[in-house]
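Read off the chains here:
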Amino acid sequence: MVGAGYVGLATAACLAHLGHRVVCADVVEEKIAALSDGIIPIVEEGLDDLVSEGLTSGRLSFVVGASGAAKGAEVVFLCVPTPQRSDGSADMSFIEAAAREIAPVLASESIVVNKSTVPVGSARVVEEFLRRVDVAVVSNPEFLREGSAIHDFLNPDRIVIGADDREAAMRVAALYSGLGAPLVITDPASAETIKYASNAFLATKISFVNTVANVCEAVGADVHDVILGIGYDTRIGFEFLKPGPGWGGSCFPKDTLAMVRIAEDAGYDFRFLKGVIEVNEEQKDIMVGKIRRAAGGSLAGVTIALWGLTFKARTDDVRDSPAISIGSRLIAEGAAVRAYDPTFANAASGHADRGRSPNLEVLPGALICADPYGAVEGARVLAVLTEWEELKRLDFSKVHELMAEPHVIDGRNLLNGAALKRLGFSYVGVGRS
Ligand code: UGA
């Protein structure tokens, strides 16, 4: 496994759990040292247990440098980042560096599997970097969600394998045997397109429901009842139809832009997907507008409390988080922002978390508080931006007492609006009154 990020680490731990012998490499020495001691640098449910299981059984080990992991391996997974370049395209330099490094040590008849999200046609590019005719290159995109990556790996909806060499495809498929998932075996370009199309479609569903929520607000309908009413139609379903402050994270924003770019490079103007992205940007403006209105029309000098900074609950990841983007806009308009997120609570109270560095620079200009009550002290508006379950169970009479004015903007429809109104709060959700 080349790369011990979210995808590489989860994949390595799960493959070891399935009985394979896995050597996982990364370039960051401290990360490898910590992992070898069973210290996990990210929050991912169940990952700690699987890593310690792998270390104890001896089926999972960690090394510095790709070639150490690739040497003698039958299958080498590339799980390195493909960050976004300023023009929206994916930066392939990490893939290139990894491929060039492993090329001389690859065993004959081994398989290089691309798990990183890469532009269509990348399998061919990797072949060129490798220059090894005796090594097959296979595309095997991942569909793991942060926060439930282990569950998703062990209970996949499907396994997608793109290869020109059928035998190589079947050898990769065999690694997942026992998971009982449907297999989609196709050519590399189709597999790569499946990855982008999946993320683009999921982002589309969320942008769709966010626009429906906006219509609901305008016409006095309740988006939850609307979702219930449409979701029972099995052609529509209930999944990925939760309205919110917009989608974020390390995948949807990057992959939707990359897909627009890939289409453009191939001569197709993907206007539809551009619209989906535009709706997502507007959703953040709409949230800021709601907060500004609750504050009385201007944010200058107003104290605003934010609950939630990560791009979704059950992760410690703030990459492209709508909460960060909304918080920054509030600060730019002169608000004094006090923020609470369970992820940064320890760091805020001065205790560095085991193996993780306290990151109080997560939202520059904001005060990061150690508990949710501290964040609401003197605030005129409280905005809920991440759906952390623990926020539901707080003492809202105390919250009411601590706030300067009792206005709640619930960007995730997380709280019980009716109960809050009974306590004297003004409450604004998404797509419902
Ligand atoms: C996403 C995909 O769901 C995975 O299948 C994929 O493997 C992964 O990207 C990837 O390409 O690596 P992830 O970024 O971890 O996974 O997060 P999601 O759970 O998909 O959520 C993305 C964003 O959409 C979050 O900001 C979340 O709050 C938002 N969201 C999600 C909604 O606003 N409403 C929903 O109903 C669902």
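The structure displayed is predicted, hence computed values, not measured ones.

A. Expanded view of the domain arrangement of the protein. When its domains are assigned, the protein resolves into domain 1 (6–189) and domain 2 (282–428). The C-alpha centroid of domain 2 is placed 37 Å from the C-alpha centroid of domain 1. With 12 residues of domain 1 at the interface, the matching set in domain 2 holds 10 residues. When the two sides are added together, the surface that domain 1 and domain 2 hide from each other amounts to roughly 930 Å², 38% of it contributed by carbon and sulfur. When the area that domain 1 buries against domain 2 is broken down by residue, the three leading residues are Tyr-6, Val-43 and Glu-146, summing to 48%. Taken together, the links from domain 1 to domain 2 amount to two salt bridges. One salt bridge in this structure joins Glu-146 and Arg-319, with 3.5 Å as the shortest N-O distance. In the side of domain 1 that touches domain 2, the residues fall into six nonpolar, two polar and four charged.

B. Spotlight on the pattern of salt bridges. The tally for this structure, following the rule as stated, stands at 24 salt bridges. A salt bridge links Asp-222 to Arg-432; the shortest N-O distance between them is 3.8 Å. Placement of the pair is Asp-222 in the loop between α9 (188–219) and α10 (223–231) and Arg-432 in the segment after β13 (426–428), with a sequence separation of 210 residues. Residue class for Arg-432 comes out partly exposed when judged on its relative accessible area of 24%. Here Lys-274 makes a salt bridge to Glu-264, at a shortest N to O gap of 3.8 Å. Here Glu-264 lies in helix α11 (residues 252–265) and Lys-274 lies in helix α12 (residues 271–294), a separation of 10 residues in the sequence. Three or more residues are tied together by salt bridges with common partners; here these are Glu-281, Lys-284, Asp-285 and Arg-329.

C. Highlighting the packing of α9 against α10. As a packed pair, α9 and α10 sit with axes 9 Å apart at the nearest point and diverge in direction by 130 degrees. The angle between the axes of α9 and α10 places the two elements in the oblique class. The hand of the α9/α10 crossing is right-handed. On the side of α9, the interface is formed by Val-209, Val-212, Ala-213 and Cys-216, while α10 contributes Val-223, Val-226 and Ile-227. Class assignment for the residues of the contact of α9 with α10 results in seven nonpolar, no polar and no charged.

D. Focus on the pairing of strand β11 (residues 381–384). Side chains of β11 alternate between two faces, with Val-381 and Ala-383 and Leu-382 and Val-384 buried alike. Examined bridge by bridge, strand β8 (residues 303–307) and β11 share four bridges and lie parallel to one another. Bridging across to β11, Ile-304 finds its partner in Val-381. Crossover connection from β11 via helix α16 (residues 396–402) to parallel strand β12 (residues 407–410): handedness right-handed.

E. Highlighting the environment of Asn-280. By secondary structure assignment, the location of Asn-280 is in helix α12. With relative accessibility at 2%, the residue Asn-280 sits in the buried group. Separated by 27 residues in sequence, Asn-280 and Pro-253 place their C-alpha atoms 9.2 Å apart. Excluding its chain neighbours within four sequence positions, the residues that come into contact with Asn-280 are Ser-207, Gly-246 and Trp-247.

The rules behind these values
Residues numbered from 1 in each chain as written. Predicted model: local features only at pLDDT ≥ 70, side-chain atom pairs only at ≥ 80, totals over all residues. Heavy atoms only, no water. Domains from an automatic or database assignment. Contact = heavy atoms within 4.5 Å. Buried area = accessible area lost by both parts, 1.4 Å probe. Salt bridge = Lys/Arg side-chain N within 4 Å of Asp/Glu carboxyl O. Nonpolar A, V, L, I, M, F, W, Y, C, P; charged D, E, K, R; others polar. Helix = DSSP H or I, 4+ residues; strand = E, 2+ residues; numbered from the N terminus. Buried < 20%, exposed > 50% of the residue type's maximum accessible area, 1.4 Å probe, protein only. Axes fitted to C-alpha atoms, helices over the stretch in contact; angles between N-to-C directions. Parallel < 35°, antiparallel > 145°, perpendicular 65-115°, else oblique. Left-handed = near helix turned anticlockwise from the far one by under 90°. Pairing = 2+ DSSP bridges. Right-handed = clockwise from strand over helix to strand, strands pointing away.

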